[in-house]
Amino acid sequence: MSDETWVWAIGLATTSGDGTVLDTWYPEPRLGRLPQGFDPSMPPEDLERLAVPDARRAVDVDVVALEIDIAAPPSTTSDAYLRLHALSHRLVRPNEVNLDGIFAHLPNVAWTTAGPVHPDDLERLRPFLQRDGIQVQGLDKFPRLLDYVTPPGVRIADASRVRLGAYLSPGTTVMHEGFVNFNAGTLGASMVEGRISQGVVVGEGSDIGGGASIMGTLSGGGAHRVSIGARSLLGANAGVGISIGDDCIVEAGLYVTAGSKIVLADEPSRHDGSRPVVKGAELSGRDGILFRRNSLTGAIEAVRRAGVGVTLNEALHA
């Protein structure tokens with residue numbers, strides 16, 4: 001089997017008193033197989049120093065060495081975390097790693113400023129955590145990206161808005177209201193002020209406007225993976241359930257789904273004066289389209305457009 005489908009890493013696994021693996025942190029995951037002759041009982045010194053119990057959180061911390069075939073589905077919690085790290089370290093792009101059944105291997109965790117805590121232990125430990133100034137930040141299966149990975153060349157205004165497993169390319173800015181889910185992200189410098197759902201990728205130079213939403217396979221229940229092309233603009237409070245090609249614009253406040261009835265405003269009128277109408281799915285992925293709402297009729301219209309859809313501020317995304 002080719003080494004190209006394998007990822008390996010050495011990390012630290014946090015385990016609660018009942019034996020639940022709460023998380024695993026991998027500082028430097030690598031593509032390929034574990035090096036020949038590597039001895040897991042002789043971990044790097046910096047990790048070994050951190051592999052100590054934390055009585056405040058009632059957890060043990062142990063060194064783990066793991067290699068996984070990313071073409072196969074995850075099999076353990078540490079396996080699932082290595083896949084998420086591979087994405088956020090940009091070793092693989094979204095939708096290039098098998099994540100089937102990942103939720104079953106990610107326990108619900110109380111995320112604190114000192115690290116993960118088992119939810120069943122939280123009420124007992126809360127007074128001691130508060131005494132030590134440790135705050136609970138969330139109760140979820142997925143942690144924050146920045147608690148595990150610092151992607152170079154990226155700006156993230158609010159750490160709670162980006163999950164581990166997000167793939168953010170250099171030059172990407174995620175503003176305070178932006179959100180990026182796991183197995184989703186940007187393939188180049190982009191502005192993110194809206195929501196990028198699981199499985200969605202955004203192309204170089206595109207802008208996801210404030211309050212905008214891109215439907216993912218988890219929310220939509222379908223199999224189509226939505227993508228946004230290069231230099232495209234999703235206007236404020238707009239949304240799409242179809243793929244948008246390069247140099248496209250979706251007008252602010254407009255939501256376009258696969259079933260939306262769209263008037264082809266550039267096409268010649270028919271004998272009754274009307275213009276052809278298609279479903280949104282028929283325009284999925286096409287380049288150079290302006291999607292707009294007719295202010296008189298309320299109909300969604302698609303208009304061919306030339307030139308660049310949007311140009312980002314180079315200084316802002318340097």
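The structure displayed is predicted, hence computed values, not measured ones.

1. Overview of the domain arrangement of the protein chain
Frequently, the measure chosen for interface size is the accessible area removed from exposure when the parts meet. Per the domain assignment, the segments of the protein chain are domain 1 (6-140) and domain 2 (145-316). One C-alpha centre belongs to domain 1, the other to domain 2, and the line joining them spans 32 Å. With 19 residues of domain 1 in contact, the opposing surface of domain 2 contributes 24 residues. Across the domain 1 to domain 2 interface the summed buried area is about 1,700 Å²; carbon plus sulfur atoms make up 58%.

2. A look at the sheet that holds strand β18 (residues 227-228)
Read across the sheet, four strands follow the order β9-β12-β15-β18 without closing on themselves; strand pairing throughout is parallel. Strands at the two margins of the open sheet, each flanked by one partner only, are β9 (166-167) and β18. Both β9 and strand β12 (residues 184-186) contribute to a ladder of two bridges, which runs parallel. Paired with Tyr167 across the strands is Gly185, a residue of β12.

3. Considering the packing of aromatic side chains
Under the definition given, this model contains four aromatic pairs. Where Phe103 meets Phe142, the ring centres are 5.9 Å apart and the plane angle is 75°; that geometry is what we call edge-to-face. With a gap of 39 residues between them, Phe103 in the loop between α2 (77-88) and β5 (109-112) and Phe142 in the loop between β7 (136-140) and β8 (155-156) connect regions that are remote in the sequence. Judged by its relative accessible area of 37%, Phe103 is partly exposed. With centroids separated by 6.0 Å and ring planes inclined at 85°, the aromatic side chains of Phe103 and Phe182 adopt a geometry described as edge-to-face. In this pair, Phe103 is assigned in the loop between α2 and β5 and Phe182 in the loop between β11 (179-180) and β12, connecting sequence segments 79 residues apart. The exposure class of Phe182 is buried, given its relative accessible area of 2%. Linked through ring pairs, Phe103, Phe142 and Phe182 together constitute an aromatic cluster.

4. With respect to α2
With 12 residues, α2 ought to run about 16 Å at 1.5 Å a step, and its terminal C-alpha atoms sit 17 Å apart, in line with that. In terms of residue burial, α2 counts as a mostly covered element, since 12 of its 12 residues are buried. Close packing links the buried residues of α2 with β1 (6-16), β2 (21-25), β4 (59-69), β5 and β9. Positive backbone phi, approximately 65°, marks Arg90, located one or two places after α2.

5. Regarding the sheet that holds β11
An order of β11-β14-β17-β20-β22 is seen for the five strands of this open sheet, with the pairing classed as parallel. Where the open sheet ends on each side, the last strands, each with one partner, are β11 and β22 (255-256).

6. Topic: the UniProt feature "binding site: succinyl-CoA" (unreviewed entry) in the protein chain
Sequence positions flagged by UniProt for "binding site: succinyl-CoA" (unreviewed entry) are, in local numbering, Arg195, Gly210, Ser213, Ala236, Glu251, Ala252, Gly259, Lys279, Arg292, Arg293, Asn294 and Ser295. Taking the farthest pair of C-alpha atoms as the criterion, the annotated set spanning 101 residues is dispersed, since that pair is 26.1 Å apart. One can find Ser213 in strand β17 (residues 213-214). Sequence-distant contacts of Ser213, defined by excluding residues within four places in its chain, comprise Arg195, Leu234, Ala238, Gly239, Val240 and Tyr255. On the secondary structure map, Lys279 appears in strand β24 (residues 277-279). If near-sequence neighbours (up to four positions away) are discounted, Lys279 is found in contact with Ala258, Gly259, Ser260 and Lys261.

7. A short note on the UniProt feature "active site" (unreviewed entry) in the protein chain
As recorded in UniProt, the feature "active site" (unreviewed entry) lies at Glu193. Following the sequence through the fold, Glu193 ends up in the loop between β13 (191-192) and β14 (195-196). Residues contacting Glu193, with those up to four places away along its chain left out, are Met175, Glu177, Gly178, Asp207, Ile208, Gly209, Gly210 and Gly211.

8. Focus on the nonpolar core
The biggest cluster of nonpolar side chains holds 60 residues, and the ones touching the most others in it are Ile214, Val250 and Phe291. If you list the elements that add at least two residues to this core, you get β1, β4, α2, β5, β23 (261-264), β25 (289-293) and β26 (300-304). Each of two domains, domain 1 (6-140) and domain 2 (145-316), supplies a minimum of three residues to this core. With residues up to four places along the chain from it excluded, the contact list for Val250 reads Leu233, Leu234, Gly235, Ala238, Val240, Ile244, Val256 and Phe291. Judged by nonpolar contacts, the second largest core, of six residues, contains Ala110, Leu122, Leu125 and Leu129.

Parameters and conventions
- Residues numbered from 1 in each chain as written.
- Predicted model: local features only at pLDDT ≥ 70, side-chain atom pairs only at ≥ 80, totals over all residues.
- Heavy atoms only, no water.
- Domains from an automatic or database assignment.
- Contact = heavy atoms within 4.5 Å.
- Buried area = accessible area lost by both parts, 1.4 Å probe.
- Pairing = 2+ DSSP bridges.
- Helix = DSSP H or I, 4+ residues; strand = E, 2+ residues; numbered from the N terminus.
- Phe/Tyr/Trp six-rings, centres within 6.5 Å; stacked < 30°, edge-to-face > 60°.
- Buried < 20%, exposed > 50% of the residue type's maximum accessible area, 1.4 Å probe, protein only.
- Expected span 1.5 Å × (residues − 1).
- UniProt positions renumbered as here; feature names shortened; annotations may be inferred.
- Core = buried A, V, L, I, M, F, W, Y, C linked by side-chain atoms within 4.5 Å.

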